[in-house]
Amino acid sequence: MAEFIVRTNKKQEMVDITQRVADLVKQSRVSDGICLVYVPHATAAVAINENADPNVCEDILEALGNLVPEGRWRHDRIDNNAAAHIKATILGPSQAVPVRGGRLRLGTWQSVMLVELDGPRERSVIVEVR
Ligand code: ZN
């Protein structure tokens, strides 16, 4: 198991972690298998989508914001971040990517993204290659 830290800079943002994950896949020396990318956090998530046009990430965050409005949830009375918990649950804390020939078998337009939903914070990313 490998782990690295991502320092996020905004309340909400998507950080491309594809290269860091790919480096760990290479170090693992696994040729054909599966790579699990997981964040041990309740207000962050892992998503796979396009980052060639960074507007895709902005659109995803905006759509989630429309789906889950801020400031109207029970948990807001405790630490005012219920929307972040709900969005993190919708996206999920992990993604699995097939490994083929020692490389992540991503599509041309796919990137692995850490999704920060209640930043800025330090986030851990756990990568398991088997
Ligand atoms: Zn909370």
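The following paragraphs examine the structure supplied in this document. Here the structure is a predicted model, which is why all the values come from computation and not from measurement. (Residues numbered from 1 in each chain as written. Predicted model: local features only at pLDDT ≥ 70, side-chain atom pairs only at ≥ 80, totals over all residues. Heavy atoms only, no water.)

1. Side note on the coordination of the zinc ion
- In this structure, His75 (NE2), Asp79 (OD), Asp79 (OD), Asn81 (OD1) and His85 (NE2) serve as the protein donors to the zinc ion, at separations of 2.0 to 2.6 Å.
- If you list the donors of the zinc ion from N- to C-terminus, the spacing comes out as H-x3-D-x1-N-x3-H.
- On the basis of relative accessible area, Asn81 is assigned to the buried category, the value being 5%. (Donors = N, O, S within 2.8 Å, 3.2 Å for Na, K, Ca; no water. Buried < 20%, exposed > 50% of the residue type's maximum accessible area, 1.4 Å probe, protein only.)

2. Things to note about the sheet that holds strand S2 (residues 13-16)
- Pairing within the open sheet is antiparallel, and its 3 strands lie in the order S2-S7-S4. Bordering the open sheet on either side are S2 and strand S4 (44-49), each of which pairs with just one other strand. With direction set aside, neighbouring strand axes in the sheet form an average angle of 30 degrees.
- As paired strands, S2 and strand S7 (residues 111-116) are joined by 4 bridges and run antiparallel to one another. Within S7, the residue paired with Asp16 across the bridge is Met113. (Pairing = 2+ DSSP bridges. Helix = DSSP H or I, 4+ residues; strand = E, 2+ residues; numbered from the N terminus. Axes fitted to C-alpha atoms, helices over the stretch in contact; angles between N-to-C directions.)

3. Notes on the pattern of salt bridges
- In total, this model carries 5 salt bridges according to the counting rule given.
- Between Lys11 and Asp118 there is a salt bridge; the shortest N-O distance is 3.2 Å. In this pair, Lys11 is assigned in the loop between strand S1 (2-7) and S2 and Asp118 in the loop between S7 and strand S8 (122-129), connecting sequence segments 107 residues apart.
- The exposure class assigned to Asp118 is buried, which follows from its relative accessible area of 13%.
- One salt bridge connects Glu128 with Arg130, and the closest N-O pair in it is separated by 2.7 Å.
- Members of the salt-bridge network, linked through shared partners, are Lys11, Asp118 and Arg121. (Salt bridge = Lys/Arg side-chain N within 4 Å of Asp/Glu carboxyl O.)

4. Here's the deal with the layout of surface pockets
- One number sums up the size of the largest pocket: a volume of about 230 Å³.
- Every residue along the wall of the largest pocket is listed here: Thr18, Gln19, Ala22, Asp23, Lys26, Gly102, Arg103, Leu104 and Leu106.
- Those elements that place two or more of their residues in the lining of the largest pocket are helix H1 (18-28) and strand S6 (103-104).
- The greatest single-element share of the lining of the largest pocket, amounting to 5 residues, is contributed by H1.
- Among the residues forming the lining of the largest pocket, the class breakdown is 3 nonpolar, 3 polar and 3 charged. (1 Å grid on protein atoms, 1.4 Å probe; cavity = no way out; pocket = protein on both sides within 12 Å on 5 of 7 lines; lining within 4 Å. Points joined across faces, edges and corners; volume = space filled by probe spheres on them. Nonpolar A, V, L, I, M, F, W, Y, C, P; charged D, E, K, R; others polar.)

5. Side note on H1
- Listing the buried residues of H1 in full gives Thr18, Val21, Leu24 and Val25. Here the buried residues of H1 occupy an arc of 130 degrees about the axis, which is enough to place them on one side. Opposite its buried face, H1 presents the exposed residues Gln19, Lys26 and Gln27, each directed more than 90 degrees away. (Arc of directions from axis to C-beta.)

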